[in-house]
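So the chains spell out like this:
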Amino acid sequence: MATKLPESEFDARLAEVRGRLADTDADAATFLGATSIEYLSGFHHIQTERPVVLAVTEDRMEITVPRLEVERVEPNPRIDAVHRYFDYPQGKPIETAAAMLEGMGVDSVVSDADGAPGVMGYEGPSLSEFVEVDSQSWVDRMRWEKTDAEVDLVRESAKWANLAHRHLADYTEVGAHPVTVSQRATTEASRAMLDTLGDRYAVRTRGSGPVHAGYISGEETALPHGHTPNERLSEGDVLITGASANVDGYHSELERTMFVGEPTDEQVHYFELMLEAQDIAIDALGPGQSIAGVDEAVHDYFLEQGIEDTAQHHVGHNIGLGGHEPPYIDRGWDEYEHVGEDDAAMAPGQIYTIEPGIYTDEYGYRHSDTIAITENGVEWLTYFPRDLESNVIR
């Protein structure tokens, strides 16, 4: 079982970035996005009002961090030097990063942002006030296609998500509260994962478990991003579930439409339409297949069935270190700003959630499965049963 990325992955990523840097006139590449920094260095942090800046040259990788991250980043074998400021706003984050670059002999950079993201109240100067800056989104693009090692981590995530979802189904009953069912399933699956993996589990949590499962119910399901209502389950409730697990920062996505007690004829009707839409999308997947075309196929089906007004989102998205990543399975993908001639088709290593949804005035209906594109077709990573009978709670 794969539980952690091998060192060779980071070596390859850094070599890729240095190769791209060599094709520019810049002295260094800088990264201010937390996910990009983790992807290249393995140092993971929570993006707050305290900026972190990673700099890569042809022979060094250095980082600027707030004082509270120093002990966490100093043991990182990939980072050659750590520069610190005390805190924000009393510290000077970008000025400290500029001094780091000066010490590295850097006058110009290609950067994923011209300054730190304005999150949690951060306001600060642009990086271009101190060095010459051109933009790049190299890591964002590199993350589209996963290596075999990355796919292994998502596959492992799907295994624990499946266990959590099984607990979720087993603990659901009339009169139960969705919150406590979620907590119980999450705790049981997390305990099993931690007991099984032991010290092979790569810590990525702060107090919460490595696995999560839960659902929305009743009228909230009519909203694609509905919230868990403060009401106990009743006979006839529709549920839209969700389960995932964090394996060295990588995630899968498993969702099911379930029924508490026997579904009505109308509920069965919409469930079957949803399932057929997902089948159509999955049948359209594969290397070389049009990304936009998958969403178009589902849209055509909805038009044919006269239910196009029940759709509220596209078919799916890539997944990995982020819960949502490009490419997006969307009819507008070909016109997306970053899409080149070679980016319109699916490629091996891309991992998609396939989740076309139907939303009526009363309830929503959506399955989501995580599926990898391979050299010869696809691989299902999630595997909880999709059929109606398996998703009725009795």
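Residues numbered from 1 in each chain as written. Predicted model: local features only at pLDDT ≥ 70, side-chain atom pairs only at ≥ 80, totals over all residues. Heavy atoms only, no water.

- An unreviewed UniProt entry lists the chain under the name M24 family metallopeptidase, with Halobaculum saliterrae as the source organism.

**Here we look at the overall build of the chain**
Consideration 1: A count of helices and strands for the chain gives nine helices and 17 strands.
Consideration 2: Compactness check: the chain gives a C-alpha radius of gyration of 23 Å against a globular reference of 21 Å for 394 residues, within 12% of the reference.
Consideration 3: Dimensions of the chain, computed from C-alpha atoms along their principal axes, come out at roughly 70 × 45 × 40 Å.
Consideration 4: A buried classification covers 53% of the 394 residues belonging to the chain. (Helix = DSSP H or I, 4+ residues; strand = E, 2+ residues; numbered from the N terminus. Rg over C-alpha atoms; globule rule 2.2 N^0.38 Å. Buried < 20%, exposed > 50% of the residue type's maximum accessible area, 1.4 Å probe, protein only.)

**Here we look at the nonpolar core**
Consideration 1: Among the nonpolar cores identified, the biggest contains 62 residues, and Val17, Phe31, Phe43, Ile63 and Met193 are the most heavily contacted of them.
Consideration 2: At eleven residues, the largest contribution of residues to this core is made by helix 6 (residues 148–171).
Consideration 3: Taken domain by domain, this core gets at least three of its residues from each of domain 1 (7–143) and domain 2 (148–390).
Consideration 4: Apart from residues lying up to four places away in sequence, phenylalanine 31 is in contact with Val17, Ser36, Ile37, Leu40, Val52, Val53, Leu54, Val56, Asp112, Gln136 and Val139.
Consideration 5: Core analysis: the second largest hydrophobic core is formed by 31 residues, Ile329, Met346, Ile371 and Val392 among them. (Core = buried A, V, L, I, M, F, W, Y, C linked by side-chain atoms within 4.5 Å. Domains from an automatic or database assignment. Contact = heavy atoms within 4.5 Å.)

**Re the sheet that holds strand 9 (residues 257–260)**
Consideration 1: The strand order across the open sheet built from four strands is 7-8-9-17, with neighbouring strands paired in mixed fashion. The two strands at the open ends of the sheet, each matched to only one other strand, are strand 7 (211–217) and strand 17 (392–393).
Consideration 2: Pairing of strand 8 (residues 238–245) with strand 9 involves three bridges; the strand directions are antiparallel. Residue pairing in the sheet places isoleucine 240 in a bridge with threonine 257 of strand 9. (Pairing = 2+ DSSP bridges.)

**Comments concerning the domain arrangement of the chain**
Consideration 1: Per the domain assignment, the segments making up the chain are domain 1 (7–143) and domain 2 (148–390).
Consideration 2: Of the roughly 870 Å² buried between domain 1 and domain 2, counting both surfaces, carbon and sulfur atoms make up 42%.
Consideration 3: The three residues of domain 1 that bury the most area against domain 2 are Glu38, His44 and Arg143, which together make up 43% of that side's buried surface.
Consideration 4: At the surface where domain 1 touches domain 2, the tally comes to three salt bridges.
Consideration 5: For the pair domain 1 and domain 2, the interface holds four residue pairs in polar contact (both at pLDDT 80 or more). (Buried area = accessible area lost by both parts, 1.4 Å probe. Salt bridge = Lys/Arg side-chain N within 4 Å of Asp/Glu carboxyl O. Polar contact = N/O pair within 3.5 Å; in protein donor to acceptor, adjacent residues only side chain to side chain.)

**Quick look at the packing of helix 1 (residues 7–22) against helix 2 (residues 34–41)**
Consideration 1: Closest axis-to-axis distance for the helix 1/helix 2 pair is 7 Å, and the angle between their directions is 115°. Relative to helix 2, the element helix 1 is oriented roughly perpendicular. For the pair helix 1 and helix 2, the contacting residues are Phe10, Arg13, Leu14 and Val17 in the first and Glu38, Tyr39, Leu40 and Ser41 in the second.
Consideration 2: The residue makeup of the contact of helix 1 with helix 2, split by class, is five nonpolar, one polar and two charged. (Axes fitted to C-alpha atoms, helices over the stretch in contact; angles between N-to-C directions. Parallel < 35°, antiparallel > 145°, perpendicular 65-115°, else oblique. Nonpolar A, V, L, I, M, F, W, Y, C, P; charged D, E, K, R; others polar.)

**Remarks on the sheet that holds strand 1 (residues 28–31)**
Consideration 1: Strand order in the open sheet made by the six strands is 4-3-2-1-5-6, with mixed pairing throughout. With partners counted over all chains shown, the strands left at the sheet margins are strand 4 (81–85) and strand 6 (132–135), one partner each. Averaged over all adjacent pairs, the angle separating strand axes in this sheet is 25°, with direction ignored.
Consideration 2: Pairing of strand 5 (residues 108–111) with strand 6, which is carried by four bridges, proceeds in the parallel orientation. Across the sheet, residue serine 108 finds its bridge partner in strand 6, namely glutamate 132.
Consideration 3: Those strands touched by helix 4 (residues 93–103) are strand 1, strand 2 (53–56), strand 3 (61–66), strand 4 and strand 5, and its axis lies near 160° from that of strand 3.

**Topic: the packing of helix 8 (residues 265–283) against helix 9 (residues 291–305)**
Consideration 1: Between helix 8 and helix 9, the least distance of the axes is 9 Å, while the angle of their chain directions is 150°. Judged on the interaxial angle alone, helix 9 and helix 8 are roughly antiparallel. When you trace helix 8 past helix 9, the crossing you get is right-handed. Of the residues in helix 9, those touching helix 8 at Leu273, Glu276, Ala277, Ile280 and Ala281 are Val294, Ala297, Val298, Tyr301, Phe302 and Gln305.
Consideration 2: Looking at the contact of helix 8 with helix 9 residue by residue, the classes come out as nine nonpolar, one polar and one charged. (Left-handed = near helix turned anticlockwise from the far one by under 90°.)

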